[in-house]
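# Reading the structure
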2 protein chains.
Amino acid sequence: MLFGVDLGGTTVKMGLFDADGNVTDKWEIPTRKENAGSLILPDIADSVKSKMAEKGLKKEDVLGVGIGVPGPVDASGVIHKAANLGWGVFSIRETMEGLLDGIPVAAGNDANVAALGEMWQGGGRGCRNLVAVTLGTGVGGGIIVEGQILTGSTGAGGEIGHIHIVDDEPETCGCGNHGCLEQYASATGVTRLAKRRLEKDDAPSALRGSSLSAKAVWDAVKEGDAVAIEVAKEFGHYLGKGLAAIACVVNPEVFVIGGGVSKAGEVLFDYICDEYKKYVFHGSREAKFVLATLGNDAGIFGAAKLILDEIK
Amino acid sequence: MLFGVDLGGTTVKMGLFDADGNVTDKWEIPTRKENAGSLILPDIADSVKSKMAEKGLKKEDVLGVGIGVPGPVDASGVIHKAANLGWGVFSIRETMEGLLDGIPVAAGNDANVAALGEMWQGGGRGCRNLVAVTLGTGVGGGIIVEGQILTGSTGAGGEIGHIHIVDDEPETCGCGNHGCLEQYASATGVTRLAKRRLEKDDAPSALRGSSLSAKAVWDAVKEGDAVAIEVAKEFGHYLGKGLAAIACVVNPEVFVIGGGVSKAGEVLFDYICDEYKKYVFHGSREAKFVLATLGNDAGIFGAAKLILDEIK
């Protein structure tokens, strides 16, 4: 059996898997961030041990524990600061192995680990080269090359939300730059594009007078609202261009699109794919676009796969 | 001993290496492209065998033969068309192993293989995550992730010259798109930027009246020519922006800059690095910039390293 752990800012999602990738149990514990996050890993270890006791699993029945963490984790399992958790720099792997009496542990960045999950049991099943794109509050990415996470030299691989895509953007991105992909393709970005479009003139739209959100925009697109369709085109233009740049670098077989915005469904692809093909190098023109299928479980699946690959 | 082979459109460069990466002999043979390129691999095999006879090497003394090829080669050593050589789709590895009586063979794309060479014995020595950028007639790239070539799903990984960088470019890139990085950062690109700048007004410049070339531009930059410096700034702006996008994807430790334009030397970095830092995600801000050091030998070094990794 394997444990997959997805450590978030409020809750820790946990899953128990068999080696074939079937999840046999899922549960959550709160993320206790007090004392510079020093309780978090002991809490996770305790939860793993309780589950082992509950299921009658001995140490030798557990192949390992994989953990996805919201911060840059290098290839050796060292976290390089997770401000959100109060963490500095230390080896998650070594700390957890100590807490778990030597059960093997592997750790990775949460977005990268979720990408691995989508490759293993989700939308990218059967592919070994994929880019997972999470269109949520921000734009996150996870890149899988030949079946393995692309971590990068300082754990910042796959930070695709911060590709510069628009010159002369007056507003500042959360990262401090201007014109990042995230400013146009995230849920907040779509809302912002809609707000700007509505302010431009008085064209009638279902979006007027209601509370703006990415969901409202895509609902209106599906109803044929002309203003919402303009916004969707602008979104697709920026995202298609950004994904084309990514494809020139890593030449993926498939893009797996997830996160809140992806709940709009395959209508997204109507706006992304043509723009992608317009800008991409011909050698990457045939890349597929699919929706993520694991939702919030991608993290625990990917974490289980991470440790499974490690112990092989 | 190892053989490293760099197959080009006019000549095949060949090198004999010891397992520590020292080149003990270098030579060239012509690339005979007639008969749909069917003579090329037999010619290379004959040259390997002659060299073995000359040096008194038996089959068991040769660890293997690595080959870099101008076209997309997948991870299994299959070439997917090399128009320049008249080649279609076939396994270079299997064909060469047949011609060499079972001596192990590995094949890769020439730009990727050259990047591996620069990592092993060149400007990127000691790094495991690097991006090699070749500023020649075009802009080529080779990406190394954790010491291994990023091939991509169809062998089009590292095609960084075709990242879209400028909107509204009227001229067409060799790939058929408009506004590719290659149109501004290659030797031809720099020349074109200079031509456009000179046509804009009558500002005095040493570049007027002489034959324009990338070398002439960089020579003038070193002399403090104001117009040439404007061109260098534009070049640096586009290239810095392109490399920042690449860094958001693969987070390299170092960029190794080679090719004809790089002969200008470290003055290039004065124009690239600030622009790079302006656009890149902070997690990749500390990437280093170095010049390639192996010149035309990067290909044979990388090819030797390719087979060395394969047989490990």
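Scoring rules and cut-offs
Residues numbered from 1 in each chain as written. Chains lettered and ligands numbered in written order. Predicted model: local features only at pLDDT ≥ 70, side-chain atom pairs only at ≥ 80, totals over all residues. Heavy atoms only, no water. Helix = DSSP H or I, 4+ residues; strand = E, 2+ residues; numbered from the N terminus. Contact = heavy atoms within 4.5 Å. Least-squares fit on C-alpha atoms with pLDDT ≥ 70 in both. Pairing = 2+ DSSP bridges. Axes fitted to C-alpha atoms, helices over the stretch in contact; angles between N-to-C directions. Salt bridge = Lys/Arg side-chain N within 4 Å of Asp/Glu carboxyl O. Buried < 20%, exposed > 50% of the residue type's maximum accessible area, 1.4 Å probe, protein only. Domains from an automatic or database assignment. Buried area = accessible area lost by both parts, 1.4 Å probe. Polar contact = N/O pair within 3.5 Å; in protein donor to acceptor, adjacent residues only side chain to side chain.

Here the focus is the environment of Asp61(B). Mapped onto the fold, Asp61(B) is located in the loop between helix H1 (40–55) and strand S4 (64–69). Here Asp61(B) is in contact with Met1(B) and Gly56(B), once residues within four sequence places are set aside.

You can overlay chain A on chain B at an RMSD of 0.0 Å; the transform is a turn of 180° with a shift of 0.0 Å along its axis. Expressed as a symmetry operation, the mapping of one chain copy onto the other fits a two-fold axis. By residue overlap, the copies meet face to face through one surface: 100% of the interface positions of chain A are interface positions in chain B.

A word on the sheet that holds strand S2 (residues 11–17) of chain B. Residue and element names in this part refer to chain B. Reading across the sheet, the five strands line up as S3-S2-S1-S4-S7 and stay open at both edges, with mixed pairing between neighbours. At either end of the open sheet lies a strand with only one pairing partner, and these are strand S3 (23–30) and strand S7 (105–109). Direction aside, neighbouring strands of the sheet carry axes that sit 15° apart on average. The sheet contact formed by strand S1 (residues 2–7) and S4 spans five bridges and is parallel. Along S4, the bridge assignment pairs Leu-2 with Gly-64. Lying over the sheet, helix H3 (residues 110–121) contacts S1, S4 and S7, oriented at roughly 105° with respect to S7. The sheet contacts of helix H9 (residues 298–311) involve S1, S2, S3, S4 and S7, and relative to S1 the element is tilted by about 130°.

So, about the sheet that holds strand S7 (residues 105–109) of chain A. Residues and elements named next belong to chain A. If you walk across this open sheet you meet the five strands as S3-S2-S1-S4-S7, and the pairing is mixed. Of all the strands in the sheet, the pair left with one neighbour each is strand S3 (23–30) and S7. Here the strands of the sheet are splayed against their neighbours by 15° on average, with no regard to which way each runs. Pairing analysis gives seven bridges linking strand S2 (residues 11–17) to S3, with the strands arranged antiparallel. From the neighbouring strand, Gly-15 faces S3, where its bridge partner is Lys-26. Against the sheet, helix H1 (residues 40–55) contacts strand S1 (2–7), S2, S3 and strand S4 (64–69), and its axis sits at roughly 140° relative to S3. Along the sheet, helix H3 (residues 110–121) contacts S1, S4 and S7; its crossing angle with S7, the most-contacted strand, is approximately 105°.

Our focus in this paragraph is the pattern of salt bridges. Residue and element names in this part refer to chain B. One pass over the structure, following the stated rule, counts 44 salt bridges over all chains. A salt bridge links Glu-171 to Arg-196; the nearest nitrogen and oxygen atoms lie 3.3 Å apart. Placement of the pair is Glu-171 in the loop between strand S10 (148–149) and helix H4 (182–185) and Arg-196 in helix H5 (residues 187–200), with a sequence separation of 25 residues. The partner of Arg-197 in a salt bridge is Glu-230, and the shortest N-O contact between them spans 2.7 Å. Here Arg-197 is found in helix H5, whereas its partner Glu-230 is found in helix H7 (residues 226–250), with 33 residues between them in sequence. We classify Arg-197 as buried; its relative accessible area is 9%.

Turning our attention to the domain arrangement of chain A. Where interface size is given, it is often the accessible area lost as the parts come together that is meant. All names here are of chain A. In terms of domains, chain A is made up of domain 1 (2–116 + 297–311) and domain 2 (125–293). Each of domain 1 and domain 2 has a C-alpha centre, and the two are 29 Å apart. For the domain 1 and domain 2 pair, buried surface summed over both sides reaches about 830 Å², with 62% attributable to carbon and sulfur atoms. The interface formed by domain 1 and domain 2 includes zero salt bridges. There are zero residue pairs in polar contact (both at pLDDT 80 or more) connecting domain 1 and domain 2.

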